[in-house]
Amino acid sequence: MKSSHSPAVTFAAFDDPNLLAHGGLAPAVRLAERCGLPELVRDKVRLSGAGNGAGAAPDAKVMSLVAGMLAGADSIDDMGVLRHGAMAKAFRGVRAPSTLGSFLRAFTWGHVRQLESAARAFTCNLAAHCNLLPGSDQVVHLDIDSKVKQVYGAAKQGAEHGYTKVRGLHFQIVTASTPLAAPVIVASRLRKGSAGSAKGAASLIAEAIRAVRAMGATGTVIVRADSAFFSHKVVAACRRAKAHFSLAVAQRKKIRETIAAIGEDAWTAIKYPKAIWGRDEQRWVSDAQVAEVEYTAFAGKAKRYRTTARLLVRRVRRLNDAHVPDGQGELFKVWRFHAVFTDSPYPLVEAERYHRAHAIVEQVLADLEDSALGHLPSGRFTANAAWLTLAALAHNLTRAAGALASAFHAKARTGTIRRQLLAVPARLAAGGRTLTFHLPQHWPWRQEFTDLWTTVGCRLRT
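These lines cover the structure that appears in this document, whether it is placed above or below. None of the values given here were measured: they were computed from a predicted structure.

1. A short note on helix 1 (residues 25–34)
The buried fraction of helix 1 is high, at seven of 10 residues. Looking at helix 1, one finds that the buried residues are Leu25, Ala26, Pro27, Ala28, Val29, Leu31 and Ala32. Just past helix 1, the residue Gly36 takes up positive phi, approximately 80°.

Printed below as a string of structure tokens:
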């Protein structure tokens with residue numbers, strides 16, 4: 001590929017008032033409207049007492065913020081992407097970045113909770129409209145994780161040093177997924193940077209379970225988490241909500257003693273990287289094996305918190321030869337152990353495999369940081385908390401647009417959906433009380449865009 005003309009005869013001019021950089025915003029905004037986002041925000045978010053009109057028209061401002069995030073904005077100034085070319089012709093009520101910044105700074109913690117309520121209701125509407133969680137009548141996995149988002153400047157409220165040794169704000173998310181569906185965010189919360197990973201996890205999990213039930217999930221709910229969330233409060237929250245739990249456990253003395261007592265005949269080889277299926281013996285020949293034993297957790301807590309369930313243990317052959325002295329062969333196999341405390345209803349091998357899939361939540365964290373959570377843009381803690389809620393909402397809306405477009409986009413990363421379906425350049429033509437989006441000829445994802453466009457009620461020009 002090379003330039004078709006020399007620089008001397010190549011010019012640029014910002015002079016076309018009919019162009020859109022993100023033509024795919026049209027069906028995405030239409031989808032948000034069909035699922036009632038403006039009405040939910042109007043009904044639930046009431047910024048009473050906000051000065052200078054900051055609390056006026058919250059529906060228009062939320063829609064502007066979400067549209068900007070769909071287009072890839074990761075700061076308040078980036079919302080200027082909504083004010084170019086023919087955007088004013090394609091959309092009404094677009095607000096300026098300065099107005100959106102004032103709106104976010106007017107939030108109190110109560111207003112953030114109102115926005116979270118609207119976001120949960122909107123996600124329920126998306127699930128009903130777009131079938132976001134196929135297979136939820138069988139099983140739904142709720143994955144909770146947290147991340148410290150690095151920020152700069154001591155003046156940012158709540159920014160402190162935590163376990164990562166960097167100044168930041170610490171947020172939690174809970175995602176819902178099924179074996180057939182990519183994860184969507186059903187709960188989120190922003191905390192100060194020094195907060196522990198599990199602080200507030202029990203109440204957030206309870207919110208997430210209520211949310212997936214409201215989305216129509218009738219199957220088994222399994223909450224998965226890493227060892228940072230292993231606590232009696234999390235287990236109690238799961239049991240109160242009639243959900244199962246699958247929690248990794250740190251290798252403390254009691255756990256090590258329990259693992260050491262497992263007999264050699266209790267281990268079962270599993271499919272793992274480099275595993276080979278032995279046809280003669282009809283089993284996996286693998287460097288990884290699993291076993292289970294009954295275990296009572298939280299024995300040092302009050303009697304009501306003591307929980308007896310299964311301890312699943314995976315042992316993986318240590319392949320690093322650093323522990324073997326030079327010139328000496330290995331006399332005994334050396335293993336690394338990973339323990340999971342669970343009341344999962346599934347057999348050993350299946351339950352352990354399902355727990356390993358908890359890593360899917362890392363993809364969502366990466367997607368968020370690749371889009372709206374590239375920054376936490378405000379100096380005010382509550383403004384950043386509202387931004388996090390809107391980022392989660394925009395993630396789910398992007399996921400819903402992908403689900404309507406194709407089976408591939410239903411599971412694709414949100415960055416892929418944004419590049420292929422939302423960032424489609426368009427040229428607007430108005431006439432006869434109609435508005436036509438002229439899109440690029442031979443667009444590689446034309447059929448997928450067409451499916452999205454028509455599903456939300458828009459029409460094609462033939």
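2. Considering the sheet that holds strand 14 (residues 426–431)
Reading across from one edge, 1-14-15 is the order of the three strands in this open sheet, with antiparallel pairing throughout. Pairing within the sheet leaves two strands with one partner each, and these edge strands are strand 1 (19–20) and strand 15 (434–438). Pairing geometry for strand 14 and strand 15, over five bridges, is antiparallel. The residue of strand 15 that forms the bridge with Ala429 is Thr436.

3. Here we look at the side chain of Arg191
Mapped onto the elements, Arg191 comes out in strand 5 (residues 181–191). In this structure Arg191 is buried but unpaired, with Asp145 as the nearest side chain of opposite charge at 8.7 Å. Beyond its immediate stretch of four places on either side in the chain, Arg191 contacts Ser146, Leu169, His170, Phe171, Gln172, Gly196, Ser197, Lys199 and Phe381.

4. With respect to the pattern of salt bridges
Counted by the stated rule, this structure contains 18 salt bridges. We note a salt bridge from Arg30 to Glu33, for which the minimum N-O separation is 3.9 Å. Of the two residues, Arg30 and Glu33 both sit in helix 1, three residues apart, roughly one turn of that helix. Given the relative accessible area of 37%, Glu33 is considered partly exposed. Close ionic contact of Glu369 with Lys149 constitutes a salt bridge, the shortest N to O distance being 3.3 Å. Pair noted here: Glu369 is in helix 11 (residues 360–369) and Lys149 is in strand 2 (residues 139–150), with a separation of 220 residues, a long-range link.

Rules used throughout
- Residues numbered from 1 in each chain as written.
- Predicted model: local features only at pLDDT ≥ 70, side-chain atom pairs only at ≥ 80, totals over all residues.
- Heavy atoms only, no water.
- Buried < 20%, exposed > 50% of the residue type's maximum accessible area, 1.4 Å probe, protein only.
- Helix = DSSP H or I, 4+ residues; strand = E, 2+ residues; numbered from the N terminus.
- Pairing = 2+ DSSP bridges.
- Lys, Arg positive; Asp, Glu negative; His and termini not counted.
- Salt bridge = Lys/Arg side-chain N within 4 Å of Asp/Glu carboxyl O.
- Contact = heavy atoms within 4.5 Å.

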